[in-house]
Amino acid sequence: MLIRSICLYCGSNAGGDPVYAEAARTLGREAARRGVKLVYGGGSIGLMGAAADAALAGGGEVHGIIPEHLQRREVQNDAVTRMEVVGSMHERKMRMFDESDAFAILPGGLGTLDETFEILTWRQLGLHDKPVILVNVAGYWDALLAALGHMVRAGFVRPKHAALLSVVGRVEDLFPALELAPPPRPSDDIELA
Ligand code: AMP
């Protein structure tokens, strides 16, 4: 599948292990190298900032989308190719969705989880067919994946819906996995049940 832009959901913190920021930098560098636009939350801190800075350093295109009320708190990254200031978190998530062909998830906290599950539930409901790939850097998401397995076994999540979340173990495997993703189906083909 041809991916021209990728949305990154990840921590506004860097986490306690430098391996997380290294993964974010690798993702940014690789997006730039492949000519894929990076769409992200617009901050200059944590993994968000690390990925954006690496993409910019590699000559890549970076589109930040930040709500007014977070401009200070997430220390808006003024170096990006395009900074879009929106009125609310909901608008931010919608614009990030509109601008992106695929979604990548790196380690992060509650905001990252919220964004990840929103985009997955939209896909579960047939509102889009864009790939969603979780990068399980150093096993950070193991506990979440175990929880998802438990939810499937307990009968609250259909296996085919859990399978909408693709998982790679290393950031180096992200773009090759996206190339293998099936092309989007016409929306009237999407199964709702
Ligand atoms: P975090 O994973 O908590 O470090 O947050 C990562 C990103 O998600 C940051 O850009 C936050 O602004 C954003 N975020 C935090 N809380 C929410 C929320 N409830 N809905 C959407 N995004 C959020």
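Described below are features of the structure shown in this document. (Residues numbered from 1 in each chain as written. Predicted model: local features only at pLDDT ≥ 70, side-chain atom pairs only at ≥ 80, totals over all residues. Heavy atoms only, no water.)

**Things to note about the packing of helix α1 (residues 18-33) against helix α2 (residues 46-57)**
Next, step 1: The interhelical angle for the contact between α1 and α2, taken along N-to-C directions, is 35 degrees, at an axis separation of 7 Å. Here α1 runs over α2; the crossing is right-handed. Only Leu 47, Ala 50, Ala 51, Ala 54 and Ala 55 of α2 make contact with α1, whose side of the interface consists of Tyr 20, Ala 21, Ala 24, Arg 25, Gly 28, Arg 29 and Ala 32.
Next, step 2: Among the residues making up the contact of α1 with α2, the classes are represented as 9 nonpolar, 1 polar and 2 charged. (Axes fitted to C-alpha atoms, helices over the stretch in contact; angles between N-to-C directions. Helix = DSSP H or I, 4+ residues; strand = E, 2+ residues; numbered from the N terminus. Left-handed = near helix turned anticlockwise from the far one by under 90°. Contact = heavy atoms within 4.5 Å. Nonpolar A, V, L, I, M, F, W, Y, C, P; charged D, E, K, R; others polar.)

**What to know about the nonpolar core**
Next, step 1: Grouped together as the largest cluster of nonpolar side chains are 32 residues, with contacts concentrated most on Ile 6, Leu 8, Leu 27, Leu 38, Leu 106, Leu 174 and Leu 178.
Next, step 2: Excluding residues that lie within four positions of it along the chain, Ile 6 makes contacts with Val 36, Lys 37, Leu 38, Val 39, Ser 100, Ala 102, Ala 104, Leu 174, Phe 175 and Leu 178. (Core = buried A, V, L, I, M, F, W, Y, C linked by side-chain atoms within 4.5 Å. Buried < 20%, exposed > 50% of the residue type's maximum accessible area, 1.4 Å probe, protein only.)

**Some details on the pairing of strand β3 (residues 62-67)**
Next, step 1: With 6 of 6 residues buried, β3 lies mostly within the body of the structure.
Next, step 2: With burial as the criterion, each face of β3 is covered, one bearing Val 62, Gly 64 and Ile 66 and the other bearing His 63, Ile 65 and Pro 67.
Next, step 3: Across 3 bridges, strand β2 (residues 37-40) lies against β3 in parallel orientation. Bridge pairing in β3 places Val 39 opposite His 63.
Next, step 4: Between the parallel elements β2 and β3, the chain passes through α2 in a crossover that is right-handed.
Next, step 5: Where β3 meets strand β4 (residues 82-86), 5 bridges bridge the pair, whose relative direction is parallel. Bridging from a neighbouring strand, Gly 64 pairs with Met 83 of β4. (Pairing = 2+ DSSP bridges. Right-handed = clockwise from strand over helix to strand, strands pointing away.)

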